[in-house]
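Given next are the chains, with one letter for each unit.
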Amino acid sequence: MSKTLQTADLIFSSASTDFSWNKTLGELKRSALSITNRLRSIEQDSTFVCAVADAYNLPLVANERCGSWYIPPERKAGSVYFKSTDGHAGEWSFSMRRLNLQVLDIIGAKEGCIIVDSTRRGKSMPDALSKTVPIWCAVLNMLIFPEIAEAQQLYTPPSVVSKSEHAQIETRLDTFVRGLTLLGIDITSLRAKVAKPLRPIWVTQSSHLPLTAPTYEDFHPVVLCTSSRRVHVGEVFEGAYVQGAGDDSEGWAHGLTAQTFWSHKDLLMTTPE
């Protein structure tokens, strides 16, 4: 009987230890994802975003709502709304409700732009930047510049999008173009805004930034900037750093907005948790 009790005690002790360990991990994760750590991570990542703008000498455009957290208001040139869901595998789409044509004015006037976004899911970049915006660029190019062979191509980051997925997306482009044509958009007015095709270029915190701003003769660069560095342990944490800290702010900000953050950043960054 004594032996039986010892075994039971051992099993109970193990279960108790597991529960305590899981509870501790949960508390550590909640602590790492505190508002203070999020705001510090956003401030750190915004420094990188501004460095990208300086390196390419191009205006910053926020992919709302996440992107605005990383751009100081005085450097924000505009907003776009590209959804990552339009770039999810097997669900690739060109939104007819969010055409984002307003950004063509910025691209044409400044010879390009930088679209800022992030992701908190352990990816190197969000699907909005790896696929949704590249699809948008390809569809507009095919519509506005049908006579330019290179404008008919889809460009995706090979380190993120496989050849198979790239090929599957390509098969849908003609359908997207036909759908956009049915909206009756004035193509002449679009071409008046941008004189050259659009070409996505991807930048992350692991990229080497140019020492001098490059020039592009054959296309307008649409630099797709992932503001946060990748945390390889997924959605857990890397010290006090939070990847994609500005993402899903309705779940953590308690009413704080990107605009309010930047307006009172110095006060917020010196306020205890």
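These numbers were taken from a predicted model, which means no experiment stands behind them. (Residues numbered from 1 in each chain as written. Predicted model: local features only at pLDDT ≥ 70, side-chain atom pairs only at ≥ 80, totals over all residues. Heavy atoms only, no water.)

A. Examining the sheet that holds strand β5 (residues 220-226) more closely. Read across the open sheet, the 5 strands follow the order β2-β1-β3-β5-β4; overall the sheet is parallel. Looking at strand neighbours, the two that pair on one side only are β2 (76-80) and β4 (198-203), the edges of this open sheet. Neighbour-to-neighbour, the strand axes of the sheet open up by a mean angle of 30°, direction not taken into account. The pairing of β4 with β5 spans 6 bridges and is parallel. Its bridge partner being in β5, V203 is matched across the sheet by C225. Across the face of the sheet, helix α2 (residues 35-56) comes into contact with β1 (60-63), β3 (113-117), β4 and β5 while running at roughly 160° to β5. Set on the sheet, helix α4 (residues 127-144) makes contact with β1, β3, β4 and β5; between it and β4 the angle comes to about 165°. (Pairing = 2+ DSSP bridges. Helix = DSSP H or I, 4+ residues; strand = E, 2+ residues; numbered from the N terminus. Axes fitted to C-alpha atoms, helices over the stretch in contact; angles between N-to-C directions. Contact = heavy atoms within 4.5 Å.)

B. Representation of the packing of aromatic side chains in the model. Applying the stated criterion across every chain yields a total of 4 aromatic pairs. Judged by centre distance (5.0 Å) and plane angle (40°), the ring pair of Y216 and F219 falls under tilted. Take Y216: its relative accessible area is 22%, and that puts it in the partly exposed class. Three or more aromatic residues joined by ring pairs make a cluster, and in this case those are W69, F261 and W262. Over the face of the ring belonging to F219 we find R199, whose NZ or CZ atom lies 4.3 Å from the ring centre. (Phe/Tyr/Trp six-rings, centres within 6.5 Å; stacked < 30°, edge-to-face > 60°. Buried < 20%, exposed > 50% of the residue type's maximum accessible area, 1.4 Å probe, protein only. Lys NZ or Arg CZ within 6 Å of the ring centre and 35° of its normal.)

C. Layout of the nonpolar core. In terms of nonpolar packing, the biggest core is built from 37 residues, with L104, I115, V133, W136, L198 and V222 touching the most fellow members. Of all the elements, α4 adds the most residues to this core, at 11 residues. Not counting residues within four places of it along the chain, the set of residues in contact with I115 comprises V61, N63, V80, F82, L129, V133, V222, V223, L224 and C225. Within the second largest apolar cluster, 31 residues are counted, among which are L60, I71, C225 and A245. (Core = buried A, V, L, I, M, F, W, Y, C linked by side-chain atoms within 4.5 Å.)

D. Structural context of unusual backbone geometry. Between E64 and R65 the backbone carries a cis peptide bond, its omega angle lying at 0°. Residue position: R65 is located in the loop between β1 and β2. Here the phi dihedral of N57 falls at roughly 55°; this positive angle occurs in a residue that is not glycine. Along the polypeptide, N57 turns up in the loop between α2 and β1. With a phi close to 55°, N100 is a non-glycine residue in the positive phi region. Along the chain, N100 falls in the loop between β2 and α3 (103-110). Accessibility expressed as a relative area gives 5% for N100, which makes it buried.

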